[in-house]
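Now for the letters of each chain:
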Amino acid sequence: MKKIEFNKEIGSKLRTSREKLGMTLEQVSKLVGFSNYQSLSNIESGKRSIKVQELSSLVKIYCTDIECILLNKREKPVTVLWRNGSETPQAKQKEQEFIEICRNYDLMEKKCGLEPNEEYKTIGFERQKLDYESVKKIANKFVKCYGFGDMPSYSLEKILEENLGIKIIYLDLGGIGSAASTIGEFGAAILVNKRQAPWRIKFNIAHEFFHIITWDIVNKEEIRCREKEGNIIEKLANSFASSLLLPEKPVIEEVNKKVKDNEISFSDFIYIARKFCVSTEAFLWRLVDLGICDAGGIKKSLEEGIIKSLDKEKRRNDWYTVEFPIISERYVYLALKCFVKGLISKGKLAEFLRVERAELPKLLGSYGYNEEGERDIACTVSSRHRYSS
Amino acid sequence: MPAPFLLDTDTVVELHKLGLWNSIVRYYGKIFLAQTVYETEVRYYPSPTNPRIPINLEPLIKKGNVKILKGKIITVKKIEEFLNEFDVTERPVLQAGELESLAIIVDSDHLCFCTMDRAAIRALSMMELVNRGISFEELISNCRIRVKLKAKYKYTKKYFEEWITEGKFPLIHKPSGYFKKFMVKGKFGPIS
């Protein structure tokens, strides 16, 4: 290919990437450090060759990679369904960042030779049976089959990632949305806003999980307008999340422990909700659902605001004790595995883990890894142990 | 005097960390860096008390001891050609600076690449450019600087050779000289 044609092709791909994010020439030029937008405009029209470090900066802004721009890697469009999402350029950038992390995640899985895990597809829902009862039944089945235990919140992310093959990504979404989910060539993934309260994050993950397992039977437009009041799919997703995080038997047992003379205090409710790592409001509605409390009474108490202020006071410390990572432990593990095996370079490792090179040792240290550790295997397991179940 | 050296980001950072940067540059007289490595990657080095000490290469660039190989020498087109020659499944995933440095090595006929990055060493080996790479240990020992290298295995020649061997594995599936077919040597002539 001639140089001019090559420049035009690269320029066109860069323009598409920019427009996809809704960014202007001026905005991007400023971020790259061009003195005016003409340079970028010339690059996009193929009038000027792009330098390697300029391309490197642009792909970072566009949340893509050099190989994607230079090689004819065709990437299928991905549908991302947002919960309380917006259509702003910032939201589009976060969405692209989410997709790029998912692609990197998938690349690392493939490099490590892992078979695609699509266990989540085995959970069958039928559209005509999509009602509150069946949703609750499926949630209960999940808790039993996948070993969530009595407090599913504590093992939720691990089970979804390790056993069901769903990627979980935590990003600071600010005010642009609370969560999102998608299924692409890279598999299923959930995006959550790491700036939200830990119990909110757990609930959002469980909620988005419902959208993943009903992905093929629910009309995307039906989910897209899900923030609208009265959206049945959203209500079902909430019911599923509630049943999953608050299994009937352990919840009733915990409540019974606190009941004295048929009465229970708000503080006790908050205590139990904290124990299950759910919001007090979600917990109370679950009690209504289980027939333990009266809906009218709970609604009145919530409207009066006493529970909310007490809840806020009691949970003040909870908010700060849990720091969600940007990416999951499994993602970090895979990235380090690829690095140790020489499948990705150190620069790429830093890029995948979204830190500067200088910050790598600190980040890896926080996950208990040491990039200086040259030996990957700490001990060998004899075949007798390896093959015995 | 050994071949002129092109250093990767980690090598520059480690030399600063060990306080050897000026000695090495002074000994060799001229050190080469890819433009992306210089402009976007070599930024800080850690010390026991400060994890982010800025790296300033300007004084030695002004003196002509550090030469930055600018975009005119290695174009994005060259990077594309370089990437296209690898088998997609075998290709190590590299950052822009590493890609640019390796494309420079492919395009030059006398520069020698010093890296301690496993993926970059594997790539050198996969391209059958083993004789164009050098370990950190060799870079230092050439100028007779004594450092306790045992503390870090990645500095050593043994480590470098181990990863060269790792990189040779995919060649079993490819004919000899597979990667050499795209090498156009000495495109930009001897570097001085």
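Residues numbered from 1 in each chain as written. Chains lettered and ligands numbered in written order. Predicted model: local features only at pLDDT ≥ 70, side-chain atom pairs only at ≥ 80, totals over all residues. Heavy atoms only, no water.

1. What about the overall build of chain A?
Part 1: Within chain A, the regular secondary structure consists of 21 helices and four strands.
Part 2: For chain A, with 389 residues in total, the buried portion stands at 52%.
Part 3: Sequence-distant contacts, at least 24 apart, represent 67% of the contacts inside chain A between residues at least 6 apart.
Part 4: Working note: accessible area of chain A is about 19,400 Å², and carbon and sulfur atoms make up 50% of it. (Helix = DSSP H or I, 4+ residues; strand = E, 2+ residues; numbered from the N terminus. Buried < 20%, exposed > 50% of the residue type's maximum accessible area, 1.4 Å probe, protein only. Contact = heavy atoms within 4.5 Å. Areas by Shrake-Rupley, 256 points an atom, 1.4 Å probe, with all protein chains shown as cover.)

2. Some details on the sheet that holds strand E3 (residues 179-184) of chain A
Residue and element names in this part refer to chain A.
Part 1: What the four strands build is an open sheet, ordered E1-E3-E4-E2; its pairing is mixed. Across the chains shown, the open sheet's two edge strands, defined by having one partner strand only, are strand E1 (80-83) and strand E2 (166-171). Adjacent strand axes in the sheet meet at a mean angle of 15 degrees when their direction is disregarded.
Part 2: Summarising the sheet, E3 and strand E4 (residues 187-193) pair through six bridges and their orientation is antiparallel. Its bridge partner being in E4, Ala180 is matched across the sheet by Leu191.
Part 3: Here helix H9 (residues 198-213) sits on the sheet and contacts E1, E2, E3 and E4; the angle it forms with E4, its principal contact strand, is near 150 degrees. (Pairing = 2+ DSSP bridges. Axes fitted to C-alpha atoms, helices over the stretch in contact; angles between N-to-C directions.)

3. Some points on the environment of Ala237 of chain A
Residues and elements named next belong to chain A.
Part 1: Mapped onto the elements, Ala237 comes out in helix H11 (residues 232-245).
Part 2: On the accessibility criterion, Ala237 (0% relative accessible area) is buried.
Part 3: As a C-alpha pair, Ala237 and Ala206 span 31 residues in sequence and 8.1 Å in three-dimensional space.
Part 4: Among all residues touching Ala237, those that are not within four sequence positions of it are His207, Phe210 and His211.

4. With respect to the confidence of the model for chain A
Part 1: Predicted confidence across chain A gives a mean pLDDT of 84, with 88% of residues reaching 70 or more.
Part 2: With pLDDT under 50 throughout, residues 374-389 of chain A is counted as low confidence; its partners more than four residues away or in other chains account for nine contacts. (pLDDT = per-residue confidence, 0-100.)

5. Section: the interface of chain B and chain A
Part 1: Facing the 42 residues of chain B at the interface are 36 residues of chain A.
Part 2: Interface area, chain B with chain A, both sides summed: about 3,300 Å², of which 53% is carbon and sulfur.
Part 3: When the buried surface of chain B facing chain A is broken down by residue, Val76, Val93 and Arg118 of chain B rank first, second and third, together holding 22% of it.
Part 4: Counting the contacts that link chain B with chain A gives eight salt bridges.
Part 5: A salt bridge links Arg52 of chain B to Glu356 of chain A; the nearest nitrogen and oxygen atoms lie 3.7 Å apart.
Part 6: At the boundary of chain B with chain A, the tally comes to 17 residue pairs in polar contact (both at pLDDT 80 or more).
Part 7: Every element with two or more residues in the side of chain B that touches chain A is listed here: helix H1 (9-17), helix H3 (35-41), helix H5 (76-84), helix H6 (96-107), helix H7 (118-126) and helix H9 (157-168) of chain B.
Part 8: No other element matches H5 of chain B, which puts six residues into the side of chain B that touches chain A.
Part 9: Grouping the constituent residues of the side of chain B that touches chain A by class yields 16 nonpolar, eight polar and 18 charged. (Buried area = accessible area lost by both parts, 1.4 Å probe. Salt bridge = Lys/Arg side-chain N within 4 Å of Asp/Glu carboxyl O. Polar contact = N/O pair within 3.5 Å; in protein donor to acceptor, adjacent residues only side chain to side chain. Nonpolar A, V, L, I, M, F, W, Y, C, P; charged D, E, K, R; others polar.)

6. Some thoughts on helix H1 (residues 3-20) of chain A
Part 1: If you check H1 of chain A, its first and last C-alpha atoms are 26 Å apart, about what 18 residues at 1.5 Å a residue would give, namely 26 Å.
Part 2: If you check which residues of H1 of chain A are buried, you get Phe6, Asn7, Ile10, Gly11, Lys13, Leu14, Ser17 and Arg18 of chain A. One side of H1 of chain A carries all its buried residues, which in axial view fall inside an arc of 160 degrees.
Part 3: Contacts made by the buried residues of H1 of chain A are with helix H2 (25-32), helix H3 (37-45), helix H4 (52-61) and helix H5 (66-70) of chain A together with H5 of chain B.
Part 4: Downstream of H1 of chain A by one or two residues, Gly22 of chain A has phi in the positive range, about 70 degrees. (Expected span 1.5 Å × (residues − 1). Arc of directions from axis to C-beta.)

7. With respect to the sheet that holds strand E2 (residues 31-34) of chain B
Residues and elements named next belong to chain B.
Part 1: Spatially, the five strands line up as an open sheet ordered E5-E2-E1-E6-E7, and their pairing is parallel. Both outer strands of the open sheet, strand E5 (66-69) and strand E7 (133-134), are each paired with one neighbouring strand and no more.
Part 2: The pairing of strand E1 (residues 5-7) with E2 spans two bridges and is classified as parallel. Looking at the pairing, Leu6 lines up with Phe32 of E2.
Part 3: Helix-sheet contacts for H1 involve E1, E2 and strand E6 (112-114), and the interaxial angle to E1 is about 90 degrees.

8. Section: the environment of Ser243 of chain A
Residue and element names in this part refer to chain A.
Part 1: Note on placement: Ser243 falls in helix H11.
Part 2: Along the sequence, Ser243 and Asn219 sit 24 residues apart, while their C-alpha atoms lie 23 Å from each other.
Part 3: Residues in contact with Ser243, not counting those within four places in the same chain, are Lys136, Ala139, Asn140 and Arg286.
Part 4: Within the local environment of Ser243, its side chain forms a polar contact with the backbone oxygen of Ser239, the two atoms lying 2.9 Å apart.

9. Side note on the packing of helix H13 (residues 266-275) of chain A against helix H14 (residues 280-289) of chain A
All names here are of chain A.
Part 1: Two elements in contact, H13 and H14, have axes separated by 9 Å at closest approach and are oriented at 100 degrees. Judged by the inter-axis angle, H13 sits roughly perpendicular to H14. For the pair H13 and H14, contact is made by Phe269, Ile270, Ile272 and Ala273 and by Thr280, Phe283, Leu284 and Leu287, respectively. (Parallel < 35°, antiparallel > 145°, perpendicular 65-115°, else oblique.)

10. Side note on the packing of aromatic side chains
Part 1: Using the criterion set out here, one finds twelve aromatic pairs over all chains in the structure.
Part 2: With 5.4 Å between their ring centres and 35 degrees between their planes, Phe142 of chain A and Tyr146 of chain A make a pair best called tilted.
Part 3: Since its relative accessible area comes to 3%, Phe142 of chain A is described here as buried.
Part 4: Residue classification places Tyr146 of chain A among the buried residues on the basis of a relative accessible area of 18%.
Part 5: Here a set of aromatic residues connected by ring pairs shows up, and it is made of Phe142, Tyr146, Phe209, Phe210 and Phe240 of chain A.
Part 6: The ring of Phe339 of chain A is capped by Arg118 of chain B, whose NZ or CZ atom sits 4.8 Å from the centre of that ring. (Phe/Tyr/Trp six-rings, centres within 6.5 Å; stacked < 30°, edge-to-face > 60°. Lys NZ or Arg CZ within 6 Å of the ring centre and 35° of its normal.)

11. Re the nonpolar core
Part 1: Core analysis: the biggest nonpolar cluster contains 84 residues, and Leu14, Leu55 and Leu70 of chain A together with Leu7, Trp21 and Ile24 of chain B have the highest contact counts within it.
Part 2: Among the nonpolar cores identified, the runner-up in size contains 56 residues, and Met151, Val192, Ile201 and Leu302 of chain A belong to it. (Core = buried A, V, L, I, M, F, W, Y, C linked by side-chain atoms within 4.5 Å.)

12. Notes on the confidence of the model for chain B
Parts of the model with low pLDDT should not have their predicted coordinates read in detail.
Residues and elements named next belong to chain B.
Part 1: Per-residue pLDDT for chain B has a mean of 82; in total, 82% of the residues score no lower than 70.
Part 2: Here residues 175-192 is modelled with pLDDT under 50, and outside its nearest four sequence neighbours on either side it reaches 41 contacts, counting other chains as well.
Part 3: Reported confidence for the predicted complex is 0.85 by ipTM and 0.85 by pTM.

13. Side note on the packing of H14 of chain A against helix H15 (residues 295-304) of chain A
Residue and element names in this part refer to chain A.
Part 1: Between H14 and H15, the shortest axis-to-axis distance is 9 Å and the interhelical angle comes to 165 degrees. Considering the angle they form, H14 stands roughly antiparallel to H15. As for the relative orientation of H14 and H15, their crossing is left-handed in sense. Between H14 and H15, the contacting residues are Glu281, Leu284, Trp285 and Val288 on the first element and Ala295, Ile298, Lys299 and Leu302 on the second. (Left-handed = near helix turned anticlockwise from the far one by under 90°.)

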